[in-house]
Amino acid sequence: MARSEDRNLSRRQVLEGSVAAGLLAALGNGVLAKGAFAQTAAASDILSASHWGVFKATTDGTRIVKIAAHEKDPYPSRCLPGVIDVMYSPTRIKYPMVRAGYLKDGYKSDRTKRGAEEFVRVSWDQAIDIVAKEIDRVLTTHGGQAVFAGSYGWKSPGKLHNCRSLLQRYLNQLGKGFVSHSGDYSTGASQIIMPHVVGKLEVYEQQTAWPVVVSDTNTLVFWGADPFNTNQIGWLIPEHGAYEGMKAYKDTGKKVIVIDPVRTETVDYFNAQWVPIRPQTDSAVMLGMAHTLYTEKLHDEKFLKDYCTGFDQFLPYLLGEKDKTPKTAEWASAISEVPADLIKELARSFAKNRTMLASGWSIQRQHHGEQAHWMLVTLACMLGQIGLPGGGFGLSYHYSSGGTPETACPALSGITDGSKAGAQPWLSEAGSASIPLARVVDMLENPGKTIDFNGKKITYPDVKLSYWVGGNPFAHHQDRNRMVKAWQKLDTFIVHDFQWTPTARMADIVLPVTTSYERDDIEQLGDYSLRGIVAMKKIVPPMFEAKSDYDIFRLLAKAAGKEKEFTEGKNTDLDWVKTFYDDAAKLGKEKKVTMPSFDEFWKSGYLDFPATEEGKKFVRYGDFRADPVFSALGTPSGKIEIYSKNIEKMAYDDCPPHPTWMEPLEWLGGATAKTYPLHVVTKHPRYRLHSQLCGTILRKEYAVKERAPLLINPKDAEARGIKDGDIVRLFNDRGQILAGAVVTDKVRANCVVCEEGNWYDPADPAKPGSICKFGDPNVLTPDIGTSKLAQGNCGHTVIAQVEKYAGEAPALTVFVEPKMKA
């Protein structure tokens, strides 16, 4: 019998011996009900914050015994119970550790033993000495292009303890350069294509405000997005304002459509119309809609003429004049398995009603992913509603509560990377060389190789040492077995972390760092709203021998004679925090915004600003619509470019100059689907942030016989003799994983769902191809670039086969400490 994968938090004491039973509260629609935990707050509580929201913690002096969501958080995250368990989990890294072979032989050790060999505890003095000397050796012998500053990942929030800035700050003090990266795994394709199309990065920018959507949008379309799940988290500190917006829209009873292979929480919350599209066919469906709009004269000719360029050059492709294949709804249906009549019906409905096309980023994390968002913008242009209240498109309604109205809160500064430019942006390029992030394994395999990237040629450096802080590449990168082999080419791999993640287990040197809750910091509340400022106060002293990233790099700078330059004379964390706050207060005065003194702020710990009237009425591209000349876009034409002459000049065979349906490397309509007939949907987890919190008590809320869940449609399960709760083997030519079957009709036929971020747990860590015992889907994904234009990752381009696992499943080992040598 099929069942839902929903498993509400049980009412039991969660962090056994650490957090009181009163921590858990009832769940409301999958996210904690409004006001949950508030009854546990007490005067002695210490305020702090995380990627899941603001909270208060009560301690017994040394340990946290209770946590409570902040009373102003309207929709606390269901992940909050796991936040504190990162400190007390069996996976906590206690001491500086060095792989036994590396401690004996240094960079000449047997690299094939990474992940399998025992670790040896060393003192901090010894650890700092080993790291400092090895970095000096590599820089002196090979130069800056031999050191990859690989800090990438969601890190911890906080303006001081920004580990990527700290790593680059240290390396910049050494003055010999390093290899950096550009782009990210989330939006690699879109952040390159969108500037060509609309002159903006787009994926990390404010959306038309939710109050405008509520009042003016008639049809809200979530395309490859699950905002009810993913808005739990924020890059900064989430204020969870999107849930207020979604509730207000739901209360209107207006139309919501979700186009997705999975019947998501968003579908259930809105009781939305679900369109179970075949994965990777989004641009084809959009083309079918565009053809319907054009042939039925439903498109907005005036908008296309006044605000766009290149539609006339796109039209011959749409009508099939070039390839003799008109992109009709019937053509799109054959590719996508969405009925042609439904494609036409949706197109007509979009044209008739004020429609917001709210896309997720999943549709661009695939082969030729640039095309999907380009075509989404083109479809919105044909509808002619861009810049009108409640109409157009948005690429961030699912991320960090995009659309929550902005306030007058001044922006906090933060620690810089120490370069002359003083760079802070996460997407900045710094160092002596830079590569597209998703090509890191290709770089390690092929030093000296030249690749195309956004109109440029990039030559891979010969990297000998990788230094990783604040990330988990052995979770987020594709084709794990290829990665294991490539990593063996490194002389040295250094990792900072507070848990024995899959990445830490593959390191030569592991330095234990504090969590956000063992140090002082400060952060903004609300990525887009900038609703306020939060004091991230130290709740308990650092556990075991953990040090902050800042203190570790300060010690390394001291070893290089650069401590004064690194610290700028500041002695404590609070010295930095006060500087950031005071800088913001100065900005506030310029905006005629009064802020309390730092001491007053630090005592209260929370500074809240109301939404401005301008913020509540914000319409994305409203200024452009009102005056396309004065508010011209940053494209060569100043308009939306449906056809890009710049991309045409690049002459890439895998990225034409206008949006195009291009068959991906592998998909359910391709030849390889005969061997591997299931598309693996790697959606965002419900109880984690990517791989964060996988090593916590929250795993009990979703694991099936201790394995990561694999959602499978009843028809596909029955055909393979798989029952709910069975351990199954999911496999293809790149690798194999174990998972626990959840038979459910919430995933369409010929698809399975394996949440991204499951920790890699190979049966034999030193042997590429070894089965992953817990269920890391990136064992199966291909490591290819989206195209020569963006070189983004293709984590959603993956097909496989599944079977019931025969025999006794091997025991998990990734959730306990690795082997230690006395």
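All figures in this text were calculated on a predicted structure; none of them were measured in a lab.

The rules behind each value
Residues numbered from 1 in each chain as written. Predicted model: local features only at pLDDT ≥ 70, side-chain atom pairs only at ≥ 80, totals over all residues. Heavy atoms only, no water. Helix = DSSP H or I, 4+ residues; strand = E, 2+ residues; numbered from the N terminus. Buried < 20%, exposed > 50% of the residue type's maximum accessible area, 1.4 Å probe, protein only. Contact = heavy atoms within 4.5 Å. Patch = residues over 30% accessible without salt bridge, like charges linked within 9 Å, V, L, I, M, F, W, Y side chains within 5 Å. Areas by Shrake-Rupley, 256 points an atom, 1.4 Å probe, with all protein chains shown as cover. Salt bridge = Lys/Arg side-chain N within 4 Å of Asp/Glu carboxyl O. Lys, Arg positive; Asp, Glu negative; His and termini not counted. Charge placed at Lys NZ, Arg CZ, Asp CG, Glu CD. Core = buried A, V, L, I, M, F, W, Y, C linked by side-chain atoms within 4.5 Å. Expected span 1.5 Å × (residues − 1). Pairing = 2+ DSSP bridges. Axes fitted to C-alpha atoms, helices over the stretch in contact; angles between N-to-C directions. pLDDT = per-residue confidence, 0-100. Phe/Tyr/Trp six-rings, centres within 6.5 Å; stacked < 30°, edge-to-face > 60°. Lys NZ or Arg CZ within 6 Å of the ring centre and 35° of its normal. Polar contact = N/O pair within 3.5 Å; in protein donor to acceptor, adjacent residues only side chain to side chain.

Turning our eyes to something else, we now look at the side chain of Asp783. Position of Asp783 among the secondary structure elements: in the loop between strand 30 (751–754) and strand 31 (799–804). On the basis of relative accessible area, Asp783 is assigned to the buried category, the value being 7%. Each residue touching Asp783, except ones within four places of it in the same chain, is listed here: Ala438, Arg439, Val441, His477, Gln478, Asp479 and Arg482.

Here the focus is a negative patch on the surface. Taken together, the side chains of Glu406, Glu614, Asp623 and Asp627 define an acidic patch exposed on the protein surface. Tracing the backbone through its elements, the reader meets Asp623 in helix 26 (residues 622–626).

Take the pattern of salt bridges next. Taken as a whole, this structure holds 51 salt bridges when the rule is applied. Its salt-bridge partner being Arg78, residue Glu265 comes within 2.7 Å of it at the nearest N-O pair. On the criterion of sequence distance, the pair formed by Glu265 in helix 10 (residues 265–270) and Arg78 in the loop between strand 5 (64–69) and helix 1 (80–83) is long-range, its members being 187 residues apart. Of the two residues, Glu265 and Arg78, neither departs from the other in class, the shared state being buried. Sharing partners across several salt bridges, the network here consists of Arg439, Asp442, Glu445, Lys449, Arg482 and Asp783.

Turning next to unusual backbone geometry. The backbone of Leu530 shows a phi angle near 45 degrees, a positive value even though the residue is not glycine. Along the chain, Leu530 turns up in the loop between strand 22 (521–525) and strand 23 (532–536). Overall, the relative accessible area of 24% leaves Leu530 in the partly exposed class. At Asn750, a residue that is not glycine, the phi angle is positive and equals roughly 70 degrees.

What follows is about helix 6 (residues 190–198). Most of helix 6 sits inside the fold, with eight of its nine residues counted as buried. Burial in helix 6 covers these residues: Ser190, Gln191, Ile192, Ile193, Met194, His196, Val197 and Val198. Among the structural elements, helix 16 (370–383), strand 15 (392–394), strand 17 (450–453), strand 25 (640–641) and helix 27 (645–650) are those in contact with the buried residues of helix 6.

This part takes up the nonpolar core. Nonpolar side chains tend toward joint burial in soluble globular proteins. Core analysis: the biggest nonpolar cluster contains 214 residues, and Phe393, Tyr467, Trp487 and Ile640 have the highest contact counts within it. At ten residues, the largest contribution of residues to this core is made by helix 16. Counting 21 residues, the second largest nonpolar core, distinct from the first, contains Val214, Tyr243, Tyr249 and Val267.

Spanning twelve residues, helix 5 (residues 163–174) covers 17 Å between terminal C-alpha atoms, matching the ideal 16 Å at 1.5 Å per step. Among the twelve residues that make up helix 5, ten are buried, leaving the element largely enclosed by the rest of the structure.

Here the focus is the sheet that holds strand 31. The strand order around the closed barrel built from six strands is 26-30-27-29-28-31, with neighbouring strands paired in mixed fashion. In this sheet, adjacent strand axes meet at a mean angle of 45 degrees when their direction is disregarded.

This next bit is on the confidence of the model for the protein. Put simply, the protein has an average pLDDT of 93, and 93% of its residues get 70 or more. Every residue in residues 1–43 is under pLDDT 50, and counting partners more than four places away or in other chains gives 112 contacts. Low pLDDT, under 50, characterises residues 422–430; the predicted model gives this stretch 33 contacts beyond four residues in sequence or across chains.

Hydrogen bonds along the backbone pair up the strands of a sheet, which may run parallel or antiparallel. Sheet architecture is open: five strands sit in the order 12-11-10-14-15, paired in parallel fashion. The open sheet has two edge strands with one neighbour each: strand 12 (273–275) and strand 15. If you compare each strand with its neighbour and ignore which way they point, the axes differ by 20 degrees on average. In terms of strand pairing, strand 10 (residues 219–223) meets strand 14 (residues 355–359) through five bridges, oriented parallel. Considered in strand 14, the bridge of Phe222 is made with Ala358. Strand contacts of helix 16: strand 10, strand 14 and strand 15, with the helix running at about 175 degrees to strand 14, the strand carrying the most contacts.

All right, on to the packing of aromatic side chains then. Evaluated as defined, the whole model comprises 42 aromatic pairs. Consider the rings of Phe55 and Tyr517, whose centres lie 5.6 Å apart with planes at 70 degrees: the pair is edge-to-face. Taken together, the residues span a long stretch of sequence, with Phe55 in strand 4 (residues 53–59) and Tyr517 in the loop between strand 21 (509–512) and strand 22 at a distance of 462 residues. When sorted by exposure, Phe55 lands in the same class as Tyr517, which is buried. Here the aromatic residues Tyr75, Phe222, Phe228, Tyr243, Tyr269 and Phe270 are joined through ring pairs into a cluster of three or more. Stacked on the ring of Tyr88, the Lys or Arg Arg63 has its end atom at 4.0 Å from the ring centre. The cationic tip of Arg729 hangs over the ring face of Phe731; the distance from NZ or CZ to the ring centre is 3.9 Å.

Before going further, it helps to examine the side chain of Thr786. Note on placement: Thr786 falls in the loop between strand 30 and strand 31. A polar atom in the side chain of Thr786 sits 2.7 Å from the side chain of Glu370.

A few words now on the pairing of strand 20 (residues 492–497). By the criterion of burial, strand 20 is predominantly enclosed, with six of the six residues buried. Of the two faces of strand 20, the one carrying Thr492, Ile494 and His496 and the one carrying Phe493, Val495 and Asp497 are both buried. Looking at chain direction, strand 20 and strand 21 are connected through four bridges and run parallel. Of the residues in strand 21, the one forming a bridge with His496 is Leu511.

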